[in-house]
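Fold and geometry: a report
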Amino acid sequence: MSKTGDQQPADMEVDSSAAVEEKPAVRFSINVLELMREAQMQHGLRQSDYTRYRRYCSARLRRLYKSLKFLHGRGKYTRRNITESTVTDVRYLHIVFYMAERAWGHAMEKKTAGTNAQQRIYMLGRFRKAVKWASLFSQLCSVKGDSRTSLEAEAYASYMKGALFFEQDKNIEAAMINFKNTRAVYEELGKYGSIENQLLCRQRIEEVEPMIDFCSHKLGGSSLQAHELLDTANDLLKAKMEAVLSETRSQQAASMTEFNWLGRRFPITNAKTRVSILKAQQLEKDLNGSATESIAADKKLGIFDKIFSAYHDARSCIHNDLASAGNAENIRDDLNGLDKAVSAVLGLRTIERNQLLVSIAKSKFTKHRDEKNERITKPEELVRLYDLLIQNTTDLTDLVSSGRNKNEEENSFIHQYELKGLAFRAERCFFLAKSYSSAGKRAEAYALFCHARTLTCSALQQLANSPDKALIQDLNSLSDNCRSNSCIEHATGIMEEERVPLKLSKGVSTISLDDKTKENKYLLDMLESYESAIGEPNTKGPCRIAQFPPPFQAVPCNPIVLDMAYNAIEFPSLENRMKKEKKGLLSRFWG
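Residues numbered from 1 in each chain as written. Predicted model: local features only at pLDDT ≥ 70, side-chain atom pairs only at ≥ 80, totals over all residues. Heavy atoms only, no water.

Considerations on the packing of aromatic side chains
Under the counting rule described, the total for this entry stands at 20 aromatic pairs. Where Phe97 meets Tyr98, the ring centres are 5.3 Å apart and the plane angle is 75°; that geometry is what we call edge-to-face. Neither Phe97 nor Tyr98 differs from the other in exposure class; each is buried. Taken together, a centroid distance of 6.2 Å and an interplanar angle of 45° make the contact between Tyr386 and Phe424 tilted. Remark: Phe424 occurs in helix H15 (residues 408-438) and Tyr386 occurs in helix H14 (residues 379-400); sequence separation between them is 38 residues. Since its relative accessible area comes to 3%, Tyr386 is described here as buried. Above the face of the Trp133 ring, Lys132 is positioned so that its terminal group lies 5.5 Å from the ring centre. (Phe/Tyr/Trp six-rings, centres within 6.5 Å; stacked < 30°, edge-to-face > 60°. Buried < 20%, exposed > 50% of the residue type's maximum accessible area, 1.4 Å probe, protein only. Helix = DSSP H or I, 4+ residues; strand = E, 2+ residues; numbered from the N terminus. Lys NZ or Arg CZ within 6 Å of the ring centre and 35° of its normal.)

Right, dumping it as structure tokens:
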């Protein structure tokens with residue numbers, strides 16, 4: 001008995017261990033990056049609407065609580081924590097994830113709305129909540145999730161920690177380390193999986209890289225181009241980067257005392273004017289740097305817009321100083337000279353921007369069909385762009401030549417842009433001829449091509465000793481194009497003129513007095529015959545049921561009668577036949 005009793009627990013222990021081996025612990029799989037990106041893009045963050053995204057997270061959490069029956073009580077709130085033993089369904093991990101996302105979305109909502117000291121404290125509290133839930137999510141995924149889920153959760157938690165340190169602006173080095181960990185994880189994950197997953201990882205890396213560069217820049221480890229920081233940064237970085245860049249410009253502007261332009265020096269006394277001019281000059285360096293060729297045309301246009309904005313801010317500051325200068329002639333002369341120099345630089349950058357637009361339009365003009373099905377440039381659009389360039393060069397040369405005592409640099413600058421204006425007129429004439437050619441006006445196109453070649457030769461003669469080899473090369477190719485196109489237009493015009501008598505004789509030979517045109521028969525007119533009124537199956541003509549509007553029909557007119565004897569007839573009197581009224585005594589008395 002005791003032997004059997006002693007053996008039974010041993011058998012039960014073997015069975016239980018076997019049962020454990022038969023049912024291993026379930027590992028959940030969550031594509032964290034895909035889940036996050038889908039939720040963000042579909043619920044507000046495509047338009048940077050963090051309020052909408054926060055509300056979506058709250059609604060999603062309510063649905064998860066209800067589906068799992070993981071409620072916190074009806075009357076009295078009783079908090080139920082999620083631990084490792086609680087996670088028996090993947091939806092418990094979703095709860096922790098959306099808690100972190102809701103806290104992060106709330107913090108970003110406060111961030112984008114603009115914060116004062118009290119709201120900033122609240123915003124940092126929400127960031128800490130996001131870090132807390134993200135850390136719990138990473139901890140639970142390391143136990144309950146598979147290896148990829150655990151790795152993505154760790155990258156997600158690192159990103160949240162980096163965002164918190166970055167926003168606190170106290171431990172930038174720790175923020176950079178967390179961001180680098182996030183980038184390293186997504187670089188490894190981006191090497192495997194589907195193409196969609198690789199694209200998502202690449203996008204996430206592109207979001208993290210400017211944060212790493214900014215932290216490194218803040219620590220003094222690298223120097224970044226300003227437009228790269230501002231163009232690739234997300235909502236969390238834009239305000240802080242602008243503050244840091246403006247602070248850096250203010251420090252550099254302290255040593256900037258004058259503005260040089262064509263051999264003249266203009267003192268700058270206003271700090272705001274210095275900062276604006278320095279910002280524009282830094283953007284110009286980024287635009288003309290060694291990596292200019294790698295910058296897309298759209299980004300270059302964006303940089304030009306920022307340059308224009310900076311110079312306009314500088315001019316507004318100068319005008320304010322002129323208004324407050326009073327009758328001080330020396331100060332007013334310096335400010336007027338500075339305003340003229342800044343306006344000239346602004347005009348020069350405007351010409352460069354329009355030349356960039358011309359190069360973009362020319363690249364589309366030469367293509368018969370664009371690969372991306374984009375609209376092909378018409379010659380009229382290039383004519384309009386060259387009109388703008390001619391006007392810009394005229395305004396710039398008038399502005400620079402408005403001074404009385406011009407130095408040698410100003411004279412050479414005026415001569416250079418007068419020649420450029422002549423080259424722009426030749427280009428405009430060429431594309432104007434192209435527009436006439438496309439309209440079939442051969443004589444006008446031929447004359448304009450010849451005139452464009454004349455302008456080009458005149459510009460080449462004046463540019464014989466110029467160091468601008470690129471402009472000379474462009475004018476040489478323009479001259480060749482004018483010559484070839486004029487020959488083509490001449491030959492095409494002669495061929496078309498030769499075809500005119502042939503077309504006329506052919507047309508006259510086909511004229512006939514008999515009306516042999518085919519009449520359309522309608523269904524209502526041929527009800528007794530079997531003939532289709534729909535037409536052939538391959539044609540797209542309308543069905544011939546009835547003619548509408550109906551054709552005109554000849555109607556006989558009423559006869560015209562001229563009664564010539566009416567005025568000569570005398571009709572008899574009819575008074576005796578008229579009925580007479582009977583009158584009473586009173587009516588007779590009163591008449």
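Examining the pattern of salt bridges
Overall, the coordinates contain 17 salt bridges when judged by the stated rule. Note that Arg120 and Glu167 form a salt bridge whose closest N and O atoms lie 3.0 Å from each other. Here the residue Arg120 occupies a position in helix H5 (residues 117-144), and Glu167 occupies one in helix H6 (residues 147-168), the gap between them amounting to 47 residues. Looking at Arg120, the relative accessible area reads 27%, which means it is partly exposed. Here Glu167 falls in the buried class, since its relative accessible area comes to 0%. Taking the shortest distance from any N to any O, the salt bridge between Lys362 and Glu427 comes out at 3.6 Å. Note that Lys362 is positioned in helix H13 (residues 329-365) and Glu427 in helix H15, a separation of 65 residues in sequence. For Lys362, a relative accessible area of 28% translates into the label partly exposed. (Salt bridge = Lys/Arg side-chain N within 4 Å of Asp/Glu carboxyl O.)

Concerning H14
The end-to-end C-alpha separation of H14 is 32 Å, in line with the 32 Å expected for 22 residues at 1.5 Å each. For H14, every residue scored as buried is listed here: Pro379, Leu382, Val383, Leu385, Tyr386, Leu389, Ile390, Asn392, Thr393, Leu396, Thr397 and Val400. Those residues of H14 hidden inside the fold are in contact with H13 and H15. (Expected span 1.5 Å × (residues − 1). Contact = heavy atoms within 4.5 Å.)

Topic: the confidence of the model for the protein chain
Averaged over all residues, the pLDDT of the protein chain equals 79, while 81% of them reach at least 70. Low pLDDT (under 50) marks residues 222-241, which in the prediction has 49 contacts with non-local residues, meaning those over four places away or in another chain. (pLDDT = per-residue confidence, 0-100.)

Quick notes on a nonpolar patch on the surface
Together, Leu523, Leu524, Leu527 and Ile545 make up an exposed nonpolar region whose accessible area comes to about 380 Å². Looking at the element boundaries, Leu523 is found in the loop between helix H17 (469-509) and helix H18 (585-589). Residue class for Leu523 comes out partly exposed when judged on its relative accessible area of 31%. (Patch = residues over 30% accessible without salt bridge, like charges linked within 9 Å, V, L, I, M, F, W, Y side chains within 5 Å. Areas by Shrake-Rupley, 256 points an atom, 1.4 Å probe, with all protein chains shown as cover.)

With respect to the pairing of strand E2 (residues 264-267)
Here four bridges tie strand E1 (residues 258-261) to E2, and the two strands are oriented antiparallel to one another. Each bridged residue has a counterpart across the sheet, and for Phe259 the counterpart in E2 is Phe266. Hairpin connection from E1 to E2: two residues lie between these consecutive antiparallel strands, with Leu262 at a positive phi of about 55°. (Pairing = 2+ DSSP bridges.)

Quick look at the side chain of Asn354
Inspection of the secondary structure puts Asn354 in helix H13. Polar contacts involving the side chain of Asn354 include one to the side chain of Asn392, which spans 2.6 Å. Among all residues touching Asn354, those that are not within four sequence positions of it are Leu388, Leu389 and Asn392. (Polar contact = N/O pair within 3.5 Å; in protein donor to acceptor, adjacent residues only side chain to side chain.)

Considering the state of the cysteines
A covalent bond bridging the sulfur atoms of two cysteines is what the word disulfide describes. Applying the stated criterion across every chain, the model contains zero disulfides. Looking at Cys482, it has no disulfide partner, and the nearest cysteine sulfur is the one in Cys429, 7.4 Å off. Take Cys482: its relative accessible area is 0%, and that puts it in the buried class. (Disulfide = S-S within 2.5 Å.)

Some points on the packing of H5 against H6
Viewed as axis vectors pointing N to C, H5 and H6 meet at an angle of 160°, and their least axial separation amounts to 8 Å. Comparing the axis directions of H5 and H6 gives the class roughly antiparallel. As H5 packs across H6, the resulting crossing turns out to be left-handed. Taken together, the residues of the contact of H5 with H6 sort by class into 14 nonpolar, six polar and five charged. (Axes fitted to C-alpha atoms, helices over the stretch in contact; angles between N-to-C directions. Parallel < 35°, antiparallel > 145°, perpendicular 65-115°, else oblique. Left-handed = near helix turned anticlockwise from the far one by under 90°. Nonpolar A, V, L, I, M, F, W, Y, C, P; charged D, E, K, R; others polar.)

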